[in-house]
Each structure stands twice: as C-alpha cells, then as structure tokens.
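The primary structure of each chain is shown beneath.
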There are 2 protein chains.
Amino acid sequence: MTDAARIAERYIELWNEKDAAERRSLFEQHWTGDATYVDPLMQAHGAEGICGLVAAVHERFPAFRFSLHGQPDGHGNHVRFGWALGPAGAEPLIRGTDFAVVENGRLKSVVGFLDQVPAGI
Amino acid sequence: MTDAARIAERYIELWNEKDAAERRSLFEQHWTGDATYVDPLMQAHGAEGICGLVAAVHERFPAFRFSLHGQPDGHGNHVRFGWALGPAGAEPLIRGTDFAVVENGRLKSVVGFLDQVPAGI
C-alpha cells in the first residue's frame, strides 16, 4: 500500500522549493529519473524538464505557495491528492487534483487536472 | 483533445449494460484489447476481465445504476469524471472519480478512486 499522504507531501515540497539545487535534490530523492508530468497547461519529463517547469511557475507566481487540499488517498501504486495555489497566508486562487503513479516509493507519473482557475490565469 | 464527455458516457454505458453480449460489444467498440481497470476494491484487464467485473457488480447490486456526477474533463489523452452508483431513481449511495487514459479514442486504462462509500459496502 502506497503511503499517499507522504507521497503527496513530498510532491508539494518540491513545488514549494525556491532553491534550484535543493529542488533537484528533492527530485532525485523522490521521483524516478524518467518521471513524467502533464496537466492542461504544461508537460515535462525527467529532472531537467520537471524542475524547469517548477522554476517557471515560481517565476510567474513568486509569492505563491502550494498546499495540500483535502486528504490524499491511494491504492496499489496509485495516489490522488488535491492541492491549492495562492499567495502565502491568503485564500488560494487555484485548485487542482493530481493523480500519480508511484514506483518503488518514487513518483513515476503525475497527471494534473484543474478544479478552480480564476479568469485571466 | 479528447472528448471527455463522450468517453465518460460510453464508460457508464458499459457499466449499466445488463446483457453480457451487448457489454462485450460495447467493450470491443470503446476499449483497447489490453485495457486495464483498477480501483481500491477490484482490478481486471482485457475484455474477459473487465466485462466479468461489470457482471459481478450487477450481480451484487442488481437494482443499481451508474450515472455521471459532475462534468467530465480532460486534456491530451487523459480524462477524469465523477460517477455515482445507487438504486435507480434514488439518491446514489456510492460516488467515485475515475481517471482514464485514452488511445485512439478508446479507453486504455482506468484508475478509480472512491469519494463516498457507506458503511458495510
């Protein structure tokens, strides 16, 4: 049984990490080398691609933070969790749900869907 | 862009079909031969496995019907949709969210999560 909450927390930790070297280290600890990410707006794979995508989001929304929204759940190698993104300490503007496949405790693929997107984002 | 609503409706149609030959025909039209299904309680693959799993649910809940819950959405080859299961014409007892991967317009994999499950099911 996958530890859904732990997987989700590690994922959010990567997205919130502002330091590029630390992001890369988190990726190497918690993702597979060939991991893929796709959502309605972006896609990437591997350490370069996925860490680069996180960097781009930090650049676009420098004061924003990701947080978990609701309770992660999972079965087998499958995990889902809700997340929220918004200015630190304020009501989140964007919410989504991610579905991940885990391999030997590492994230192998993440497919994201958006649940709440304000106009103009 | 995948037609998420159409994919979701075809999926629900298979789950509601009471006739075994008709279920098999729906599977062959709308799923890939090597398709997989997994949720917290069950898993199956291919026509025999997945149609057999649907038959088992009909046997267990003969008066129940599946319906879509909310608006299916998708991007690329990925689709998600909410569903509900309960006695025809009554408030659904069970709700879930399924995440599907589509290949050439056919369902290739479905991963289901449960959102609402009454005690004792």
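Residues numbered from 1 in each chain as written. Chains lettered and ligands numbered in written order. Predicted model: local features only at pLDDT ≥ 70, side-chain atom pairs only at ≥ 80, totals over all residues. Heavy atoms only, no water.

**Details of the environment of B:Asp115**
This is how it is decided: Each helix is a run of H or I in the DSSP string that is no shorter than four residues. Each strand is a run of E no shorter than two, and both are numbered from the N terminus. Residues are treated as being in contact if the distance between any of their heavy atoms lies within 4.5 Å. Under the rule applied, a polar contact is a pair of N or O atoms within 3.5 Å (in protein, one hydrogen donor and one hydrogen acceptor; residues adjacent in sequence only if both atoms are side-chain atoms).
Considering the arrangement of structural elements, one finds B:Asp115 in strand β6 (residues 106–116). For the pair B:Asp115 and B:Arg95, spaced 20 residues apart in sequence, the C-alpha to C-alpha distance is 5.3 Å. Discounting residues that sit within four places of it in the chain, B:Asp115 has contacts with A:Arg80, B:Arg95, B:Gly96 and B:Thr97. Among the polar contacts listed, one links the side chain of B:Asp115 to the side chain of A:Arg80, at a separation of 2.4 Å.

**What about the sheet that holds strand β5 (residues 94–103) of chain B?**
Residue and element names in this part refer to chain B. Selection rule: One requirement defines pairing of two strands: DSSP has to find at least two bridges between them. The axes are straight lines fitted to the C-alpha atoms, using for helices just the contacting stretch, and the angles between their N-to-C directions are given from 0 to 180°.
Spatially, six strands are ordered β2-β1-β6-β5-β4-β3 in an open sheet, and the strand pairing comes out mixed. This sheet does not close on itself; its edge strands, each paired only once, are β2 (43–45) and β3 (64–75). The mean angle between the axes of side-by-side strands here comes to 20°, regardless of whether they run parallel or antiparallel. Here β5 runs beside β6; their pairing, made up of nine bridges, is antiparallel.

**Description of the side chain of A:Asn16**
Residue and element names in this part refer to chain A. Applicable threshold: Between buried and exposed lies partly exposed: a residue is buried under 20% and exposed over 50% of the maximum accessible area for its type, with that area taken using a 1.4 Å probe on protein chains only.
Tracing the backbone shows Asn-16 in helix α1 (residues 4–16). For Asn-16, a relative accessible area of 11% corresponds to the buried category. Polar side-chain contacts of Asn-16 include one of 2.7 Å to the backbone nitrogen of Phe-66. When residues no more than four places from it in sequence are discounted, the contact partners of Asn-16 are His-58, Arg-65 and Phe-66.

**Section: the relation of the copies chain B and chain A**
What counts, and what does not: In this comparison the copies share one frame, found by least squares on the C-alpha atoms of residues holding pLDDT of at least 70 in both.
For the match of chain B to chain A, the screw axis carries a shift of 0.0 Å, the RMSD comes to 0.0 Å, and the turn is 180°. Such a combination of turn and shift is consistent with a two-fold rotation axis. Scanning chain B for the C-alpha nearest the rotation axis identifies B:Phe99, at a separation of 4.0 Å. Interface overlap between copies: 100% of the residues of chain B at the interface are likewise at the interface in chain A, consistent with a symmetric, same-surface contact.

**Here we look at the pairing of strand β1 (residues 31–38) of chain B**
Along a regular strand, successive side chains alternate from one face of the sheet to the other. All names here are of chain B. Pairing between β1 and β6: four bridges, direction parallel. Across the sheet, Tyr-37 pairs through a bridge with Val-110, a residue of β6. Note: β1 against β2, three bridges, orientation antiparallel. Bridge pairing in β2 places Tyr-37 opposite Ala-44. The hairpin formed by β1 and β2 contains four residues between the paired strands.

**Comments concerning the interface of chain B and chain A**
Condition: Two parts placed together each lose some accessible area under a 1.4 Å probe, and the buried area is that loss summed for both. Each reported salt bridge corresponds to a side-chain nitrogen of Lys or Arg within 4 Å of a carboxyl oxygen of Asp or Glu. Under the convention adopted here, Pro, Cys and the residues Ala, Val, Leu, Ile, Met, Phe, Trp and Tyr are nonpolar, Asp, Glu, Lys and Arg are charged, and Gly plus all remaining residues are polar.
With 16 residues of chain B at the contact, the number on the chain A side is 16 residues. Of all residues in chain B, B:His75, B:Arg80 and B:Phe113 give up the largest surface area on contact with chain A, accounting jointly for 52% of the area buried on that side. Remark: the boundary between chain B and chain A carries two salt bridges. Applying the counting rule to chain B against chain A returns six residue pairs in polar contact (both at pLDDT 80 or more). Contributions of two or more residues to the side of chain B that touches chain A are made by β3, β4 (78–87), β5 and β6 of chain B. The element that contributes the greatest number of residues to the side of chain B that touches chain A is β6(B), accounting for five residues. Residues of the side of chain B that touches chain A, tallied by class, amount to seven nonpolar, five polar and four charged.

**A word on the sheet that holds strand β3 (residues 64–75) of chain A**
All names here are of chain A. With mixed pairing, the six strands of this open sheet are ordered in space as β2-β1-β6-β5-β4-β3. Only two strands of the sheet have a single partner each, and these edge strands are β2 (43–45) and β3. For this sheet the average axis-to-axis angle between neighbouring strands, irrespective of direction, equals 20°. Strands in contact with α1 are β1 (31–38), β3, β4 (78–87), β5 (94–103) and β6 (106–116); relative to β3, the strand with the most contacts, it is inclined by about 160°.

**Structural notes on the confidence of the model for chain A**
Note the following rule: Values of pLDDT, ranging from 0 to 100, describe the predictor's confidence in every residue of the model.
For chain A, per-residue confidence averages 94 on the pLDDT scale, and 97% of positions sit at 70 or higher. Mean pLDDT across the elements of chain A ranges from a minimum in β3(A), with 95, to a maximum in β1(A), with 98.

**Structural notes on the pattern of salt bridges**
For the structure on display, the rule yields 16 salt bridges over all chains. Here A:Arg6 and A:Asp3 are joined by a salt bridge, their closest N and O atoms 3.3 Å apart. Among the residues examined, A:Arg6 registers a relative accessible area of 33% and is labelled partly exposed. Residue B:Asp115 is joined to A:Arg80 by a salt bridge in which the shortest nitrogen-to-oxygen separation is 2.4 Å. Of this pair, B:Asp115 sits in strand β6 while A:Arg80 sits in strand β4, each in a different chain. The network of salt bridges with common partners includes A:Arg24, A:Glu28 and A:Glu48.

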